[in-house]
Every structure is written in structure tokens, then in C-alpha cells.
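A look at the structure
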Amino acid sequence: MTRRWQILLLGLALSVLCWQARAQAPGVRVAVVSSQLSAPHMDAAQALIRQLESRGVPRSSIQIYNPADVASIPEATQTTIKVWVALGTQAAMVLGKSRLKAPALGALVPRAAFERVLRATGHQLSPQFNVVYLDQPLSRQMALIRLALPESNRVGVLLGPDAWHRNASLRDAASANGLALRATQVDDDDALFAALQSVLEDSDVLLAQADPLVFNSHSIQNILLTTIRANVPLIAFSPAYVRAGALLALYSTPTQAGAQAAHWVLEVLAGRQLPAQPLEPDDFEISVNDQVARVLALTLDAQALRLALKQQERQP
Amino acid sequence: MKKINTALPRQLFSLLGLAGLLHTTAGWAQGNVAVSENDFLDEMPIVLSVSRLPQRLDETPGAVTLLDRDMIRRSGARDVPDLLRLVPGFQTSMSFEADAPQASYHGVFGHYSGRIQVLVDGRSVYSTYVAGSVAPGLMSVALEDIERIEVLRGSNSVAYGARAMLGVVNIVTRHTAATLGASARVNQGENGIQDTRLGLGWRLQNSSMRLGVDQQGDDGLTGANGHNRVRRVNFRSDWRTLGDTDVQLRAGWMDIDAGRGIAELHEPLRDTSYDSSFVQVDWNKVLSPEQDLALMFAHNQESYRDISPFPLIPGLNFDFSGTARNDSLTAQHTLRLSPAVRMVWGAELRRESVTSLPVYNTSEALVTDFTRLFAHAEWRLRPDLLLNAGAMAEHSSASGASLAPRLMLNWHVAPGQTLRAGMARSFRPPSEFETSGDVRYAANGKVFEIFYLARGNVAPEKVLTRELGYYGSFSWLNSNLDVRLFDEVMSGLIQVKNYDAQVDGESFTDIRDYVNGDSLTLRGLELQWAGRPWPGAQLGFNHSYTKLFFPNPPTKETLASTMPESASSLFFSQQFSNGWTFSMSHQNSNPFRLQRTGNYKQYISRTDWRLSKTLLVGRNAGEIALTVQNQGPAQADFYKSFAFERRAYVSLRLDN
């Protein structure tokens with residue numbers, strides 16, 4: 001091949017690339033709708049963007065919107081969007097109510113909140129509308145109890161009226177890990193402490209399930225003081241509870257949630273579908289309150305627990 | 001019942017013209033009842049900060065007896081002193097002759113029990129008026145309001161203040177968030193037992209409150225001038241202002257009406273009345289997980305009425321009536337200096353004032369100011385070695401400066417097995433009456449007798465405590481064992497000494513004064529087994545063996561038998577799955593001298609039992625119970641001629 005032909009071919013290839021780039025550049029391909037501009041939401045958005053950028057998705061094709069702005073996105077932009085990401089419950093609700101031409105994936109959305117979105121919007125879980133749950137799978141929560149507190153056999157949970165239907169799946173997850181579940185329903189916040197006292201009477205550990213009726217910034221003082229007096233450790237769902245005085249927390253960080261969402265965004269951009277089943281968080285963290293552990297005469301290492309739990313999950 | 005919960009307080013407050021305060025009675029979680037990511041991502045207030053973390057029982061610097069709510073309920077006791085019978089080393093009396101039932105640790109050595117500290121939610125409740133007696137304070141809380149009682153056996157002035165000379169009874173009341181709604185209880189039974197209580201808990205925005213009103217009455221000991229009645233009102237509110245600050249307000253009133261006396265010339269039959277009220281404000285701020293700041297202000301006032309005519313001299317009254325008040329301000333800073341060192345330090349300013357013309361021969365208020373500084377550090381030398389060291393310095397405007405240091409080492413020899421060793425020096429300053437009491441019996445301007453004329457030559461009494469302890473927990477039995485071996489050297493006990501003197505040109509004999517008298521050593525062993533060995537069961541066994549030694553012969557022979565050489569108690573309770581609970585306790589001791597029995601010694605053998613059945617009234621739980629106190633023969637109490645006879649009573653309780 002002569003040198004002239006080589007230059008010609010190279011020029012052709014370059015012009016094809018440029019044409020492709022020109023076709024994509026002005027369009028938003030990934031639309032991220034964030035419920036709030038709080039630090040955790042922004043952490044998730046940043047992780048998502050960083051991950052996409054590292055895999056060659058140009059920053060200019062990723063746009064962050066407020067939920068209120070979704071309705072006013074121009075038709076032209078709508079057509080270029082290949083995938084929607086909702087960060088937070090409110091964003092998921094807005095996307096659920098919008099007529100989207102591309103699949104939408106929720107992140108930073110707890111299971112109960114996503115179920116609420118599905119009920120309110122008439123959507124069904126599908127490759128068009130899916131979620132990476134914020135809360136940890138029950139099997140992982142129970143496995144952590146087994147690992148961290150091998151002498152504990154009775155797991156207490158307090159469930160609000162809306163969460164009571166999870167009783168059966170909690171029981172199954174507990175018994176799969178050789179644990180017995182003691183679930184108590186809390187009908188209203190006035191009844192919380194009677195319920196707490198009764199559940200603590202025959203529980204070795206209290207497993208917190210997010211429910212603002214039960215666990216909120218006002219009730220937490222009494223819950224923690226009561227559980228520690230009863231010598232019953234509290235396993236929580238966020239590191240803030242560990243700072244407040246819970247023994248352990250199992251949770252995914254917003255960064256982890258953003259990164260996992262990015263993985264599925266890349267799949268969609270590569271022309272594949274989102275799964276039809278909801279996605280459990282694949283990465284997680286564990287925090288331990290050392291002072292509380294000392295009071296309960298326990299020795300726990302958060303990193304060792306995390307590695308052991310991961311290893312256990314990798315085993316078939 | 002449930003509806004009362006919010007409706008009644010609304011009515012109550014509008015009646016009081018405070019309706020404006022009631023912006024809403026909706027729950028705390030109002031407006032945000034559905035789960036969202038915020039439940040996972042929001043910050044939480046720090047709860048178990050350095051000062052709120054409880055201590056493990058194997059790391060407490062000393063022997064501790066815990067009486068929890070279950071045990072309190074199942075014991076069948078109607079008041080705190082009766083509960084303390086089941087704590088090793090305690091002596092109790094049901095008599096009201098010393099104003100209220102008494103409880104003492106390692107002996108009373110006088111008329112009033114004042115060598116232990118009694119705290120109710122951190123507030124020292126000894127009586128300024130009644131010579132530092134803890135008896136009225138022990139009666140100031142209804143048992144339903146109590147979450148738990150922690151009894152620290154052994155000197156602990158460093159952590160609990162100057163009165164904690166021999167031990168501490170730390171009463172912790174229930175949090176208001178745990179007592180929302182209405183509750184009621186009635187006891188009715190033999191010996192005129194008639195107790196009633198109503199409790200009401202409600203919420204106001206981010207605070208919760210409780211009001212408890214109760215009265216407890218019976219005909220007293222057989223042979224005594226019966227009819228005792230205690231009436232109480234206690235209010236507590238917990239406010240959460242910001243995430244890291246909480247404010248608590250407590251206020252209360254109590255009245256003890258007692259029939260007293262033994263129909264003797266100097267102790268005529270009469271009715272006395274003791275009245276007290278208090279306000280307490282606590283402000284706690286979590287500065288960080290490693291630092292807390294707490295401020296407490298408490299005001300207490302007492303008024304006492306005990307007046308009776310002397311039949312032989314018209315116009316002559318025995319009068320011990322008067323009033324007292326005390327105010328206390330405490331600041332406390334708790335901090336963790338490193339993962340291995342935590343410390344608490346602070347100061348207390350306290351003013352006590354007593355006014356009684358008949359008791360102090362002046363209508364002026366007698367004021368004593370106390371300044372206390374304390375610091376206490378807990379240092380984990382090694383994972384298995386914990387050192388507690390601290391000191392409290394006190395200056396009293398009446399008796400000068402004193403220092404109470406303390407050192408205790410806990411060594412975890414093996415998992416669940418701990419040895420303790422330590423020593424402490426502690427003191428009790430004389431009460432106002434012990435320094436300036438001036439009781440003269442006079443009529444028509446003529447003084448017939450000077451009963452007391454204290455000359456103020458009295459210094460704080462002291463104790464040097466050395467102890468060895470063992471704490472073992474046996475998880476296979478769900479039980480623990482605590483053993484305390486002690487050597488308590490008490491010196492310069494504040495005692496009555498009679499003297500003769502010329503007063504205002506007349507000579508009087510047998511005038512009572514307070515001086516630092518006998519010294520003695522208490523040596524012994526206390527053993528405490530507590531556990532829940534099988535489902536529904538609670539089992540406790542205590543035994544104490546104590547011997548008194550006097551370096552010099554005691555001024556009063558009776559001092560040597562102030563407490564029994566050997567005493568035991570057993571508590572057992574079994575809850576059945578059908579809602580029935582049976583519990584029983586037995587207490588016995590070697591003979592010892594009761595408070596006013598001279599040389600007569602009495603042994604104790606008392607068995608109580610209780611059978612209860614839980615009830616469900618609508619959505620509320622309740623209980624009906626039959627309690628029999630002292631199933632066996634009558635026991636002498638306080639005086640030889642006073643007897644505690646069998647008392648059976650039925651109680652009906654509805655919980656909130």
C-alpha cells in the first residue's frame with residue numbers, strides 16, 4: 001500500500017469519528033434527576049459521573065436535573081436521552097409519573113419507598129423502570145448477625161403498620177441463618193416504648209429496619225438508652241446510628257450506590273437492557289461503635305466483618 | 001384508655017389557661033411517616049456519649065446491686081425501704097418513728113440513717129431539716145415511677161458526693177417517653193392498707209411529660225400509734241431542644257402524716273407531718289461523642305410539724321417544728337481523653353438553711369454553704385486492667401475542709417472473672433442540728449429542761465474503707481456472683497454526749513450535745529448471687545457476715561449489736577406462659593438490737609409471697625395480684641413493743 005492510500009484511509013477514519021462525535025456531542029445521553037442537593041445525593045451523583053467518565057462517557061453527555069425541571073426538558077433533548085437515573089425517592093416518583101422514552105433506574109431509594117412509587121405511578125418493575133435498593137438484603141443483615149454475634153439467636157424487630165407485611169420475609173431470612181425472629185408491631189409512636197420493652201424481653205439483638213415511625217431523631221435517645229441498659233445490641237442501617245450509639249451498622253454509602261448505578265447505565269448505553277428484577281446493593285460498609293462494644297463486652301472489627309461477609313456471599 | 005392519652009391533657013391545659021402552649025399533640029414523627037432515603041442518610045443526635053455509656057458490672061469500681069423494674073414489681077414491696085431489705089448489708093425498718101421508714105447500710109448508729117447517699121435522678125435527697133436523714137427522701141418516689149435502683153455498696157463520695165460515706169442508693173426514674181398514656185394502681189388489704197396511684201403521660205411537640213399522683217396509707221406497726229399516710233405528686237418532663245441538647249424539668253411535693261409516740265412522758269402519742277417540695281432542672285449537652293456537659297439546679301424545701309403538750313406542766317409543749325431549704329448548682333464535664341482514659345470533673349455549690357425557733361432557739365435562718373470540687377478518672381491500663389481514681393474536696397462554712405480520695409483496680413483475670421481491690425476515705429459533715437441544736441422545754445418564761453444544746457465541737461466523721469471484690473458471670477446459668485470483702489474503719493462517729501452546765505445562771509443536767517465519739521471497725525463479707533437461670537425465672541440470693549471491732553470500749557454497750565452478724569435473703573420469681581407469676585422472698589438474720597430496743601435483741605425471719613395474673617383491658621396491659629408480707633409470726637420493729645404482723649393485700653394495676 002502506498003503512502004497516499006494510507007493518508008486517505010486515515011483521513012476517512014477520522015472524518016467518520018468526527019461525524020459520530022458531532023452526532024452525539026450536543027445531546028444529553030444520561031439524565032440524572034436528584035431529589036435533593038444534599039451532600040449524600042451529590043456524592044452519589046459524583047460517583048456516578050466519575051465512573052461513567054472513566055469508561056469514556058463524555059461529561060457533556062451527562063446532565064443533572066432537579067425533579068421540578070423534568071417536565072420542562074425540551075423534546076429534542078428528551079429524544080437524545082438513552083437512560084434516566086433517579087437519585088432518591090422523590091426523583092423516582094417524578095420519573096415514574098413522566099412519560100419517558102428511555103429506561104429509568106432509581107438509586108438511593110429504599111425498598112419500601114420504591115414500592116410506594118410503583119403503587120403511586122402504576123408502574124411495574126421492568127427493564128424500563130428498575131432500582132438499585134438503598135437498604136441491604138435481609139439475608140445479608142441476618143448473616144451479619146450470625147458473624148458478629150454468634151451467641152445471639154433471637155433477633156427482635158420493631159415494624160410499623162406499613163412494614164408489617166415484611167414480617168414473613170424477615171422470618172424466612174432469620175431462619176435461613178439459624179436465627180429466631182421476634183417481630184413486634186408498633187401502631188403509633190405512643191406505643192413505641194411498650195413495644196420496645198416487650199421485644200427486648202426475649203431478644204438477644206435488636207435489628208433496626210428503617211421506618212420513621214419507629215426510628216427517628218427523637219425516639220433514638222430512648223431506644224438506645226433502653227437497649228444498652230437491657231444489654232441488647234442494636235444493629236442499625238446507617239453509620240449515623242453508630243455515631244449515636246448503635247453497636248453496628250450495615251449500609252451502602254452514596255458513593256457505592258452511585259458507582260453501582262453507573263455500572264447499569266453503561267450496560268444500557270452499550271445497548272443492553274436493565275434486568276427485570278430489582279437490584280440489591282452489591283457493595284456495602286460496616287461500622288462499629290467501639291465504646292458500645294466494650295460496654296457489651298464484645299470485640300468487633302468492622303473491616304474483618306465486611307471481608308468475611310463478602311467472602312461468605314461469594315461462596316455458592 | 002388510649003384516647004385519654006391526648007384528649008385529657010388538652011382539657012387539663014385549657015383549664016389551666018395554657019392552651020396556647022399546645023400547638024399540636026401529634027407525634028414526634030409527624031409529617032414524615034413514609035420511609036425515604038433520608039432515614040438512611042440523615043445525621044442522628046449522639047445519644048450514648050461518654051457520660052451516658054453505662055458501666056459494665058465487672059468494671060464498676062465497687063459492689064453493685066441492681067433492682068430492676070421487674071424485680072421491684074414482683075417483690076410486693078410498697079416502698080423503697082422495704083425493697084432495700086433484699087440488698088446485702090442493709091437494715092430496714094417499717095416504722096414511722098424516725099419520720100419515715102428507714103434503710104441503712106452497715107448500721108444506723110443513732111436515731112437517723114444518714115451515712116448513705118440517696119439520689120433520685122442525680123438529686124441528693126437527704127433531709128436538711130431532719131439531721132441529714134435519708135428516710136423521707138427514700139419515700140419521695142412511687143415505685144411505679146422507678147426504672148431501676150442501683151445500690152453501690154461501699155464508700156463512693158468521689159462519684160456521688162459527701163454523703164456517700166458507706167454507700168449509695170441511686171434511684172433512676174422512668175423516662176417520660178416510656179410512660180405515655182394513663183395508668184392506675186390500687187392496693188387494698190389488711191392493716192388498713194390503702195394505696196392509690198394515677199399516672200398520666202403526654203406529649204407536647206418535642207417533649208414528653210408525666211404526672212404521677214399517689215397516696216400510700218396503712219395503720220402502721222401493731223402497738224404503734226398507727227395511721228401513716230404518704231401523699232405524693234411527682235412531675236417530670238423531658239425536652240429535646242436541639243439534637244445534642246436535652247433539658248429535663250422535675251418537680252414534686254410530698255407529705256408524710258404519721259401517728260407517732262409510745263405514750264411515755266417524753267414521747268407522747270401525737271400526729272406529725274413532714275412536708276417537702278422540690279424543683280430540679282437538668283441541662284445536658286453533648287459536645288461531641290467524647291465530651292458532655294451537664295448542669296443541674298435543684299431546690300428543695302421542707303416543713304415539719306411535731307408539737308405536743310407536756311401533760312404535767314400546763315403551757316409546756318414539745319415542739320420540733322420548723323422549716324428548711326436547700327439549693328444546689330452542679331456543673332459536670334465528662335470527657336474521654338484517649339481511648340484508654342475517661343474522666344469526669346466538676347463542682348457543686350450548695351446552700352442549706354434551717355429555721356426553727358423551738359429546735360435552734362432562734363428565729364433566724366441558720367445557713368451552711370458547701371463548695372465541692374470533684375474529679376474522677378477511669379484509666380484502662382491494659383485490656384484486662386482498669387484503674388479508677390479520684391477525689392472530692394469539700395469546704396463547708398460550718399466544718400471546714402475535707403478530702404475524700406478513692407482508688408480502685410479491676411482486673412479481668414479471665415473472661416467473665418474479675419477481681420477488684422481498692423480503698424477510699426470518706427466523711428460525713430455534721431448536720432446543722434448536730435452543730436447548733438438548742439432545744440429547751442419552757443413554759444411561761446421558765447426553762448424546765450435543756451434537751452439539746454449542741455456546742456459545735458464536732459468535726460466530720462470519717463471512714464477508711466478497704467475492700468477486695470470478685471465479680472463472676474456464669475453465662476451458662478445466666479447468673480452472676482459478686483463478693484465483697486470489706487474493712488471499714490469509722491472514726492469519730494458523731495454521737496450524743498450528755499453534759500451538765502450553767503445556762504443563763506441556772507444549772508441544768510444531762511444536756512445533750514453532739515461530739516465525735518466512738519471509733520469502730522466493720523469487717524465482713526457480702527455475697528450476692530443474681531440470675532435468670534431458666535426462662536421466666538429470676539433468682540437472687542444474698543448473704544452477709546459482719547463483725548464489729550472497737551479499738552476502745554464503746555461508750556454504749558448497745559453499739560456492738562447495731563447490725564446482725566449474719567443475715568441472708570432469698571428472692572425467687574417465676575413467670576408462667578399463661579400470664580401468672582409467682583414470687584417469694586425470705587429474709588433472715590441473727591439477733592441484733594433494733595433501733596430503740598435497748599439491750600433487747602431480735603432476729604428476723606420474714607417470708608413474703610405474691611401471686612399475680614396479667615390482664616388485658618382493651619389495648620392496655622394490667623395486673624391483679626395478691627401479696628402476703630410476713631407470712632410467719634409477727635416481727636418486732638424499731639421498738640420491742642412494735643410488731644410487723646402479716647399483711648395481705650390485693651392490687652389492681654392498669655399500665656399505660
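In this convention, every chain numbers its residues from 1, walking through the sequence in written order. Both sets of labels track the order of writing: A upward for chains, 1 upward for ligands. Where totals are concerned, whole chains, interfaces and linings use all residues; where local detail is concerned, this predicted model gives features only for residues with pLDDT of at least 70, and gives and counts side-chain atom pairs only at 80 or more.

1. Notes on the packing of helix α2 (residues 39–54) of chain A against helix α11 (residues 254–269) of chain A
Residue and element names in this part refer to chain A. Inter-axis angles, ranging from 0 to 180 degrees, are taken between N-to-C directions of lines fitted to C-alpha atoms, where helices are fitted over the stretch in contact. Here a strand is any run of E in DSSP of at least two residues, a helix any run of H or I of at least four, and the numbering for each starts at the N terminus. Remark: α2 packs on α11, axes separated minimally by 7 Å, with the N-to-C direction vectors making an angle of 40°. Judged by the inter-axis angle, α2 sits oblique to α11. In this structure, α2 meets α11 at a crossing whose hand is right-handed. Seen from α2, the contacting residues are Pro40, His41, Asp43, Ala44, Ala45, Gln46, Ala47, Leu48, Gln51 and Leu52; seen from α11, they are Pro254, Thr255, Ala257, Gly258, Ala259, Ala261, Ala262, Val265 and Leu266. Among the residues making up the contact of α2 with α11, the classes are represented as 13 nonpolar, five polar and one charged. By the definition adopted for this analysis, an angle is roughly parallel if under 35 degrees, roughly antiparallel if over 145, roughly perpendicular if from 65 to 115, and oblique otherwise. The handedness criterion is simple: a crossing whose near helix is rotated anticlockwise from the far helix by less than a right angle is left-handed, and one whose near helix is rotated clockwise is right-handed. Throughout, a residue-residue contact means that the two C-beta atoms, derived from backbone geometry, are no farther apart than 7 Å. Amino acids are sorted into nonpolar (Ala, Val, Leu, Ile, Met, Phe, Trp, Tyr, Cys and Pro), charged (Asp, Glu, Lys and Arg) and polar (every other residue, Gly among them).

2. Remarks on the interface of chain A and chain B
Each side of the interface is counted separately: chain A has 42 residues, and chain B has 33 residues. Here the side of chain A that touches chain B takes eight residues from helix α9 (residues 219–229) of chain A, the largest share from any one element. Here the side of chain A that touches chain B is built from residues that sort into 24 nonpolar, eleven polar and seven charged.

3. Some words on the nonpolar core
Joining buried Ala, Val, Leu, Ile, Met, Phe, Trp, Tyr and Cys residues through C-beta atoms within 7 Å gives a set, and that set is a nonpolar core. Partly exposed residues are those whose C-beta has more than 12 but fewer than 20 other C-beta atoms within 10 Å; 20 or more makes a residue buried and 12 or fewer makes it exposed, with C-beta atoms placed from the backbone. Val85, Leu105, Ile235 and Ala246 of chain A are the most contacted members of the largest nonpolar core, which has 114 residues in total. With seven residues, α11 of chain A is the largest single contributor of residues to this core. All domain edges in this entry derive from an automatic or database-based domain assignment. Structurally, this core is a two-domain feature, drawing no fewer than three residues from each of domain 1 (27–134 + 256–269) and domain 2 (138–251 + 284–314) of chain A. Contact partners of Val85 of chain A, with chain neighbours within four places excluded, come to Val30, Val32, Leu48, Leu105, Ala107, Ala261 and Val265 of chain A. Core analysis: the next-biggest nonpolar cluster, separate from the first, contains 74 residues, Met139, Ile256, Tyr360 and Ile494 of chain B among them.

4. Observations regarding the sheet that holds strand β7 (residues 167–173) of chain B
Residues and elements named next belong to chain B. For two strands to be treated as a pair, DSSP must find no fewer than two bridges joining them. Read across the open sheet, the five strands follow the order β1-β6-β7-β4-β5; overall the sheet is mixed. Of all strands in the sheet, those with a lone pairing partner are β1 (63–68) and β5 (123–124), marking the two edges. The sheet contact formed by strand β4 (residues 116–120) and β5 spans two bridges and is antiparallel. For Val120, the partnering residue across the bridge sits in β5 and is Arg123.

5. So, the environment of Ala634 of chain B
Residue and element names in this part refer to chain B. Counting through the fold element by element, Ala634 comes out in the loop between β34 (620–629) and β35 (635–637). The partly exposed category is assigned to Ala634, around which 15 C-beta atoms lie within 10 Å. Along the backbone, Ala634 and Phe644 are ten residues apart, and their C-alpha atoms lie at a distance of 5.4 Å. With residues near it in sequence (within four places) discarded, Ala634 still touches Thr222, Ala643, Phe644 and Glu645.

6. Examining the confidence of the model for chain B
Residues and elements named next belong to chain B. Residue-level confidence of the predictor is what pLDDT reports, using numbers from 0 through 100. For chain B, the average pLDDT comes to 90, and 95% of its residues sit at 70 or higher. In this model, residues 1–31 is a region of pLDDT below 50 whose contacts with residues beyond four sequence positions or in other chains number 41 contacts. Across the assembled chains, the prediction reports ipTM 0.90 with pTM 0.87.

7. Some thoughts on the environment of Ala180 of chain A
All names here are of chain A. Note that Ala180 resides in strand β7 (residues 180–185). Classification of Ala180 by C-beta neighbours within 10 Å gives partly exposed; the count is 14. Spatially, the C-alpha atom of Ala180 lies 9.8 Å from that of Leu170, the residues being ten residues apart in sequence. Residues within four places of Ala180 in sequence aside, it is in contact with Asn153, Arg154, Val155 and Ala174.

8. Description of the pairing of strand β33 (residues 601–617) of chain B
Residues and elements named next belong to chain B. The pairing of strand β32 (residues 580–593) with β33 spans twelve bridges and is antiparallel. What sits directly across from Met584, in β33, is Trp609. Across nine bridges, β33 lies against β34 in antiparallel orientation. For Arg610, the partnering residue across the bridge sits in β34 and is Thr627.

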